[in-house]
Structure formats: structure tokens, C-alpha cells
Amino acid sequence: MIRRGQISELDCRTAESMVARYMNHTLKTDEMEEFLDHIEHCPSCYDELETYFIVNKVTQQLDEQEDGSVLDFQKLLEQDIRRARRNIHKRRGIQFAGGILTVILTVVLVVFFIFIFFEIKHFW
Ligand SMILES: [Zn+2]
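- Within an unreviewed UniProt entry, the label attached to the protein reads Putative zinc-finger domain-containing protein, and the organism entered is Blautia caecimuris.

1. As for the UniProt feature "domain: Putative zinc-finger" (unreviewed entry) in the protein
Link 1 in the chain: Look at the UniProt record and you will see "domain: Putative zinc-finger" (unreviewed entry) annotated at residues 12–45.
Link 2 in the chain: With 82% helix and 0% strand, residues 12–45 has its two end C-alpha atoms placed 7 Å apart.

2. Focus on the packing of helix H1 (residues 12–23) against helix H2 (residues 29–41)
Link 1 in the chain: Direction vectors running N to C along H1 and H2 enclose 115°, while the axes themselves pass 10 Å from each other. Both H1 and H2 take part in a crossing whose hand is left-handed. Residues Cys12, Ala15, Met18, Val19, Arg21 and Tyr22 of H1 lie in contact with H2, whose contacting residues are Glu31, Met32, Phe35, Leu36 and His38.

Cut-offs applied
- Residues numbered from 1 in each chain as written.
- Predicted model: local features only at pLDDT ≥ 70, side-chain atom pairs only at ≥ 80, totals over all residues.
- Heavy atoms only, no water.
- UniProt positions renumbered as here; feature names shortened; annotations may be inferred.
- Helix = DSSP H or I, 4+ residues; strand = E, 2+ residues; numbered from the N terminus.
- Axes fitted to C-alpha atoms, helices over the stretch in contact; angles between N-to-C directions.
- Left-handed = near helix turned anticlockwise from the far one by under 90°.
- Contact = heavy atoms within 4.5 Å.

Below, the structure is given as C-alpha cells:
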């Protein structure tokens, strides 16, 4: 059920289909943001992600370490989500900086050509 304002536009079916891609880090910036917005307000999808996350981490842990230490998966997932959020900001920041740089370069080029144009006119 979708309650306006409480749960983002993303419906649960779509969010659930994105869980695997979240784990593989193959979501685009916008998709990632929509996904995070959804799971933060939707307990059933959060559970889905948590289950997937735990299975994934347990498998990884079996491969990597055998010291028997038990990881706090809930905390790990929270950290993972926070990291994903920071990544969104970083990617947006890079996009923004890139845009600003393009504008500055364009202005510099235009000014340069105007300058050259007037310099050439002086010579004639
Ligand atoms: Zn949901």
C-alpha cells in the first residue's frame, strides 16, 4: 500500500527488485537515492534488504575469516546504507563540479576569442 508523503514513489515490487543490484553496487545515483528513501520508510523492504545483506555477509565471512567472531549485521547494514548515502552526495558533487567547470571553460574560451577578434581588428 502506498501512502503519499510517507513512502516515496517507488513501489515495493520495484524496491525488492533493486535489492540485488544494491548489493552489487550497480544502481545508478538516482535509483540508489529512490531505493534508500523507500527502504528507510518501508519496514518490509528493509527486512528484505536485511535478509539479503545477512546472507551475503555470512557467505563472505565464511570465505574470509574463521575466527568465529560474530558480526553485528544490523550495524553493518546501517553503516552500508550510510556509506551509500555519502556516495550519492559525492557523485552529485562531482557532477556539479563538472558542470561548473564546463561553464567556466566555455566563458573563458568565449572571452578569449572575443579578445583575439579585437586584437586582429586592431592590426588592420
Ligand atoms: Zn516497500
